[in-house]
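Analysis of the macromolecular model
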Amino acid sequence: MERIWIEELDKHDGQKVKVAGWVFNKRSGGKIKFLLLRDGSGVCQAILSKFDVDEETFEKHKDISLEASIVIEGIVKKEEKAAGGFEILIENLEVIGKSENYPIGKKEHGVEFLLDKRHLWLRSTKQRAIMKIRHEIIKASRDFLNNLGFINVDSPIFTPSACEGTTTLFEVDYFDEKAYLSQSGQLYNEASVMAHGRVYCFGPVFRAEKSKTRRHLTEFWQIEPEIAFIDFDQNMQLIEEMTLYILKKVIENRENELNILERDVEFLKNIKGPFPRISYTEAIEILKEKGHEIEWGGDFGAPDETVLTEMFKTPIFVHRFPAKIKAFYMKNDPENEELALGVDMLAPEGYGEIVGGGIREENLEILKKKLKEHNLPLESFQWFLDLREYGTVPHGGFGMGIERTVSWICGINHVREAIPFPRTIYRLIP
Ligand code: 4AD
Ligand code: MG
């Protein structure tokens, strides 16, 4: 008999089926014993009755503990009260893998313990809900871009140079040379966009972040669109539309998971465009009025972002930063050369930056000058300069951090739960 998924049980009411998975809970009631089984697609209650199976099968219940893997065959019965709405009356039961003394129980565990056991923790209800929402966010962001006609062209991970500044580069031995793990796919996107007009890359990026905050990982994922002939406002518009599309899809397809996480779904449902657009200079004024110690020219800290985002019930854009605090590739604002055409999107409820992007410098001479100002070696950027030599065009784009987006949408308080296996300054295992 072929195995079916638990989510398909409704198509098999009254029939005999085979289901396989892990034991999520068990209960004993004398002549009737209950198992709660999960297989990834759902959970269902399975009933082992002394009257329906032989002694040997009935006794197997004793050996089954939390997270043991089993295969059962039995008859499907509609049961409103059971989780999932169906139960299975077991006829045959086979234990595939025992699971004695499963380390994660119903009691509260400390987060470090759970992170040490991340390979098992991923099976728990909340963690499964987070990963499903992560999947939905990734799928929605790709679908959004694919539907618009974007081409997915990925960027390399081994690179010869920095994209987002030299202080957070991971250096690796590359035969007789040094290579650096990519901090962003953007520079290669800028080559690909000259071939396709609209591209995006999706992949892991690496930053040697020594920060121990709730928003920093050393390995995280970005989706990075890049568009030829786009202007600054159009770029913000695209970020906004992509964000709204992601929210719509998560609410449509994963409301159940949001509820498991006790997320305020109404808050997410009420988010509509247009998102407020505040200039960096205005943001500094707001912060100073609220008593923050920040001067024009300084970068926002987490508390600054928190205060700005708590003023609104939607994400907000902060735009036109001092050129001095932004990356070498950013184009200066033609109306004020001290400013860069960069934009961050900050998520509400105190979450802060989840998107960074802007317009790129397309002029060869200015870009060379900027590379020098940032003390970056011209040799390793020669290929990048070629893009300005041969048919340069105005272009721009952005990068959305997947884990920060997942954290915000799920309403969890640390990015380490937004990725299957988090990498931070103190954690490389499992
Ligand atoms: O703002 P960032 O540094 O922008 C770039 O990398 C651009 N090159 C993207 C582009 O224009 N193509 O990073 C983009 C996003 C941030 O807004 C944040 O969401 C996330 O990446 N991010 C991190 N997420 C987790 N841990 C970290 N250490 C992160 N650093 C950035
Ligand atoms: Mg940024």
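Residues numbered from 1 in each chain as written. Chains lettered and ligands numbered in written order. Predicted model: local features only at pLDDT ≥ 70, side-chain atom pairs only at ≥ 80, totals over all residues. Heavy atoms only, no water.

**Description of the overall build of the protein**
Threshold: Think of it this way: any DSSP run of H or I at least four residues long counts as a helix, any run of E at least two long counts as a strand, and we number them from the N terminus. Exposure is judged per residue with a 1.4 Å probe applied to protein chains only, and the accessible area is read against the type maximum: over 50% gives exposed, under 20% gives buried, and values in between give partly exposed. Here, two residues are considered to be in contact whenever any of their heavy atoms come within 4.5 Å of each other. With residues, only the protein chains shown are counted as cover, and all accessible areas are computed by Shrake-Rupley using a 1.4 Å probe. Charge counting treats Lys and Arg as positive and Asp and Glu as negative, with His and both chain ends excluded. Where a charge sits is defined by one atom per residue type, namely NZ (Lys), CZ (Arg), CG (Asp) or CD (Glu).
Tallying secondary structure elements over the protein gives 13 helices and 17 strands in all. For the protein, the spread of C-alpha atoms along the principal axes amounts to about 85 × 55 × 40 Å. The buried share among the 430 residues of the protein stands at 52%. Within the protein, counting contacts between residues at least 6 apart in sequence, those at least 24 apart form 66% of the total. When the accessible surface of the protein is summed, it comes to about 20,700 Å², and 51% of that surface belongs to carbon and sulfur atoms. In the protein, which carries 58 positive and 71 negative side-chain charges, the distance between the mean positions of the two groups comes to 6 Å.

**A few points about the sheet that holds strand 7 (residues 158-159)**
Inclusion rule: When DSSP finds two or more bridges between a pair of strands, those strands are recorded as paired.
Strand order in the open sheet formed by 3 strands is 7-9-8, and the pairing between neighbours is antiparallel. The sheet terminates laterally at strand 7 and strand 8 (171-174), the two strands that pair on one side only. Pairing analysis gives 2 bridges linking strand 7 to strand 9 (residues 177-181), with the strands arranged antiparallel. Looking across to strand 9, one finds that Thr 159 is bridged to Tyr 180.

**A short note on the pairing of strand 13 (residues 316-322)**
For strand 13, a buried count of 6 out of 7 residues is recorded, marking the element as mostly surrounded by other parts of the structure. Bridge analysis of strand 12 (residues 277-279) against strand 13 gives 3 bridges, and the strand direction is parallel. If you follow Ser 279 over to strand 13, its bridge partner there is His 319. Bridging between strand 13 and strand 15 (residues 336-347) involves 6 bridges; their strand directions are antiparallel. Pairing of Phe 317 across the sheet is with Met 345, part of strand 15.

**Re the layout of surface pockets**
Note the following rule: The definitions used throughout rest on a 1 Å grid laid over the protein atoms alone, on which a cavity is an enclosed set of points accommodating a 1.4 Å probe that cannot get out and a pocket is an open set flanked by protein within 12 Å on both sides along at least five of seven lines; lining residues are those having an atom within 4 Å of a point. Grid points are joined across faces, edges and corners, and a volume is the space filled by probe spheres set on the points.
Taken as a whole, the largest pocket holds about 1,300 Å³ of empty space. Lining the largest pocket are 46 residues, with Glu 164, Arg 207, Glu 209, Lys 326 and Glu 353 positioned closest to its centre. Mapped onto the lining of the largest pocket, the elements with two or more residues apiece are strand 11 (219-228), helix 10 (302-309), strand 15, strand 16 (352-359), strand 17 (395-401) and helix 13 (402-410). Broken down by element, the residue count for the lining of the largest pocket peaks at 5 residues, all from strand 16. The computed volume of the second largest pocket comes to approximately 820 Å³.

**Some thoughts on the side chain of Lys 33**
Stated precisely, the cut-off is as follows: For salt bridges, the criterion is a side-chain nitrogen of Lys or Arg within 4 Å of an Asp or Glu carboxyl oxygen. Between N or O atoms, a polar contact is any pair within 3.5 Å; within protein, one atom must be a potential hydrogen donor and the other a potential acceptor, and residues adjacent in sequence are included only when both atoms are from side chains.
Mapped onto the elements, Lys 33 comes out in strand 2 (residues 32-38). Of the side chains with opposite charge, Glu 59 comes closest to the buried, unpaired Lys 33, at an N-O distance of 6.7 Å. In terms of polar contacts, Lys 33 uses its side chain to reach the side chain of Ser 28, at 2.6 Å. In contact with Lys 33, other than residues within four places in its own chain, are Arg 27, Ser 28, Ala 46, Ile 47, Leu 48, Phe 58 and His 61.

**Things to note about the domain arrangement of the protein**
Rules: Annotation comment: domain bounds sourced from an automatic or database domain assignment. Once two parts are put together, the accessible area they lose, assessed with a 1.4 Å probe and summed over both, is termed the buried area. Three classes are used, and their members are as follows: Ala, Val, Leu, Ile, Met, Phe, Trp, Tyr, Cys and Pro are nonpolar, Asp, Glu, Lys and Arg are charged, and the others, Gly among them, are polar.
Annotation of the protein at the domain level lists domain 1 (6-97) and domain 2 (118-417). The centre of domain 1, based on its C-alpha atoms, is set 46 Å off from the matching centre of domain 2. Between domain 1 and domain 2, the contact holds 5 residues from the first and 4 residues from the second. In total, domain 1 and domain 2 occlude about 390 Å² of area from one another, counting both sides; carbon and sulfur atoms represent 42% of this. The partner of Arg 123 in a salt bridge is Glu 67, and the shortest N-O contact between them spans 3.0 Å. At the surface where domain 1 touches domain 2, the tally comes to 2 residue pairs in polar contact (both at pLDDT 80 or more). In terms of residue class, the side of domain 1 that touches domain 2 is built from 2 nonpolar, 1 polar and 2 charged.

**Structural notes on the packing of helix 5 (residues 186-196) against helix 12 (residues 382-389)**
Short version of the rule: Think of each axis as a best-fit line through the C-alpha atoms, taken over the contacting stretch in the case of a helix, with angles from 0 to 180 degrees between the N-to-C directions. For any pair of crossing helices, the crossing counts as left-handed if the nearer helix is rotated counterclockwise from the farther one by less than a right angle, and right-handed if it is rotated clockwise.
Where helix 5 contacts helix 12, the axes come no closer than 10 Å and their chain directions differ by 35°. Remark: the crossing between helix 5 and helix 12 carries left-handed chirality. Contacts between helix 5 and helix 12 involve Leu 187, Tyr 188, Glu 190 and Ala 191 from the first element and Trp 383, Phe 384, Leu 387 and Arg 388 from the second. The residue inventory of the contact of helix 5 with helix 12, partitioned by class, reads 6 nonpolar, no polar and 2 charged.

**Describing the site of ligand 1**
Selection criterion: The near set for a molecule or strand comprises every residue that places at least one heavy atom within 4 Å of it.
Near ligand 1 you find 22 residues, and of these Glu 164, Gln 186, Arg 207, Glu 224 and Glu 353 are the closest. The contact in question runs from a nitrogen atom of ligand 1 to an N or O atom on the side chain of Glu 224, over 2.7 Å. Residue Gly 356 places a main-chain N or O atom 3.4 Å away from an oxygen atom belonging to ligand 1. In the complex, the protein chains occlude 94% of the 630 Å² of accessible area that ligand 1 would expose alone.

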